[in-house]
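One-letter residues, chain by chain:
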Amino acid sequence: MRSHFSRPAFFEGVRDMTPALIGIIPFGMVCGIGAIAAGISPLATLAMSAIMFSGAAQIIAAQLLAAGAPLPVIILSCLVVGLRFLVYSAAMAPYLRPLDHRWRNVLSFVLTDQAFASTIHRFRESDDLRANASYFLGGGALLWVVWQIATLAGILAGQVIPASWQLEFVVPLCFLAVLAPLLRDRVTFLVVIASGAAAIVLDQMPMRLSMICAGLIGIAAGALADTIRGQHE
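Novice: Honestly, unusual backbone geometry in this entry has me stumped. Any pointers?
Specialist: At Phe-53, a residue that is not glycine, the phi angle is positive and equals roughly 50°. Structurally, the position occupied by Phe-53 is in the loop between α3 (42–52) and α4 (55–66). Classification of Phe-53 by relative accessible area gives buried; the value is 8%.

What follows is the structure, given as structure tokens:
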């Protein structure tokens, strides 16, 4: 892996990713607080943060664990939430293909929305694979480390905040915080309405399968709307 590592590019990635911490730190803290409020142990919360490294997936996992959903349903729900990373991976694959499997495995683990947005432009503008991969690693590593610190801060806060504050509301607020910036066009609104309505209508399904079905219905509605819009453009 050393043959593809550039120290200056690594720290350049760290530097360029620093502004994103403004949103990452409070989000990580809320994830930690939400997990504690859902009854998850501090150690399990830290493990989930370190391994999953996905705010949206951690929130939905905490919510489903609190609701007593079976493990397969929780895993499948997290996979549905993370489907966007398939798109990110497909976009990055042509640029990362020359790297050995160890580099690709590490970079895939630190792939986030912010890391993808920051790195894809660099890959498109430069053919320096060594520098680009190191830049990607620097930004992703910074996010991972800070995410763990923020989650730990949230865990500590969740343990000292009185139970009378009823922190359960933190989880849905997290989802609203993630969702609000995405509401930019009619297709997105349709996805939100379709998946939200489906979740309400299907709420009585066993094993909390309503979450998965609502997600799939939202995806189908978005794909259909996007296809129709493309035909009329």
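Novice: Help me out: how do you make sense of a nonpolar patch on the surface in this one?
Specialist: A cluster of nonpolar residues, Leu-71, Ile-75, Leu-76 and Leu-79, forms a patch on the protein surface that exposes about 390 Å² of accessible area. Look at Ile-75 and you get partly exposed, because its relative accessible area is 44%.

Novice: What is the right way to read the layout of surface pockets from this model?
Specialist: Where empty space is left can be seen by rolling a probe of water-molecule size over the atoms. One number sums up the size of the second largest pocket: a volume of about 460 Å³. Around the second largest pocket sit 15 residues that line it, and Met-52, Ser-54, Leu-79, Gly-82 and Phe-85 are the ones nearest its centre. Secondary structure elements with two or more residues in the lining of the second largest pocket: α3, α5 (71–81), α6 (84–96) and α7 (101–109). The leading source of residues in the lining of the second largest pocket is α6, at three residues. When its residues are assigned to classes, the lining of the second largest pocket shows 11 nonpolar, four polar and no charged.

Novice: Just to check I follow, could you spell out the packing of α3 against helix α9 (residues 129–160) for this structure?
Specialist: Two numbers describe a pair of packed helices, the interaxial angle and the distance between the axes. Running from N to C, α3 and α9 cross one another at 160°; their axes reach a closest spacing of 10 Å. Between α3 and α9, the angle falls in the class roughly antiparallel. When the axes of α3 and α9 are compared, the crossing they make is right-handed. On α9, the residues that touch Pro-42, Thr-45, Leu-46, Ser-49 and Ala-50 of α3 are Trp-144, Trp-147, Gln-148, Thr-151, Leu-152, Ile-155 and Gln-159. Among the residues forming the contact of α3 with α9, the class breakdown is seven nonpolar, five polar and no charged.

Novice: Would you take a moment to explain the nonpolar core for this structure?
Specialist: As a rule of thumb, nonpolar side chains are buried together in soluble globular proteins. Core analysis: the largest hydrophobic core is formed by 28 residues, its most contacted members being Met-92, Leu-96, Leu-99, Leu-107 and Phe-136. Listing elements by their share of this core, those giving two or more residues are α1 (7–17), α2 (21–37), α6, α7, α8 (113–125) and α9. The greatest single-element share of this core, amounting to eight residues, is contributed by α9. With residues up to four places along the chain from it excluded, the contact list for Leu-107 reads Leu-96, Leu-99, Ala-133, Phe-136 and Leu-137. The next biggest cluster of nonpolar side chains, apart from the first, holds 13 residues, and it includes Ile-40, Met-48, Ile-60 and Ala-61.

Novice: Just to check I follow, could you spell out α3 for this structure?
Specialist: Along an α-helix, residues three or four positions apart point the same way, because every turn accommodates 3.6 residues. Buried residues of α3: Thr-45, Met-48 and Ser-49, and no others. Taken around the axis of α3, the buried residues stretch over an arc of 95°, which confines them to a single face. The outward face of α3, more than 90 degrees from its buried face, is lined by the exposed residues Leu-43 and Ile-51. Structurally, α3 contributes buried residues whose contacts are with α2, α4 and α9. Downstream of α3 by a residue or two, Phe-53 has a phi angle that is positive, lying close to 50°.

Novice: How should I be thinking about the packing of α4 against α5 in this particular structure?
Specialist: At a minimum axis separation of 9 Å, α4 and α5 run at an interaxial angle of 155°. In terms of their interaxial angle, α4 and α5 are classed as roughly antiparallel. Relative to α5, α4 is oriented so that their crossing is right-handed. Of α5, the residues touching α4 (which contributes Ala-56, Ala-57, Ile-60, Ala-61, Leu-64 and Leu-65) are Val-73, Ile-74, Ser-77, Cys-78 and Val-81. Considered class by class, the residues forming the contact of α4 with α5 number 10 nonpolar, one polar and no charged.

What counts, and where the lines are drawn
Residues numbered from 1 in each chain as written. Predicted model: local features only at pLDDT ≥ 70, side-chain atom pairs only at ≥ 80, totals over all residues. Heavy atoms only, no water. Helix = DSSP H or I, 4+ residues; strand = E, 2+ residues; numbered from the N terminus. Buried < 20%, exposed > 50% of the residue type's maximum accessible area, 1.4 Å probe, protein only. Patch = residues over 30% accessible without salt bridge, like charges linked within 9 Å, V, L, I, M, F, W, Y side chains within 5 Å. Areas by Shrake-Rupley, 256 points an atom, 1.4 Å probe, with all protein chains shown as cover. Salt bridge = Lys/Arg side-chain N within 4 Å of Asp/Glu carboxyl O. 1 Å grid on protein atoms, 1.4 Å probe; cavity = no way out; pocket = protein on both sides within 12 Å on 5 of 7 lines; lining within 4 Å. Points joined across faces, edges and corners; volume = space filled by probe spheres on them. Nonpolar A, V, L, I, M, F, W, Y, C, P; charged D, E, K, R; others polar. Axes fitted to C-alpha atoms, helices over the stretch in contact; angles between N-to-C directions. Parallel < 35°, antiparallel > 145°, perpendicular 65-115°, else oblique. Left-handed = near helix turned anticlockwise from the far one by under 90°. Contact = heavy atoms within 4.5 Å. Core = buried A, V, L, I, M, F, W, Y, C linked by side-chain atoms within 4.5 Å. Arc of directions from axis to C-beta.

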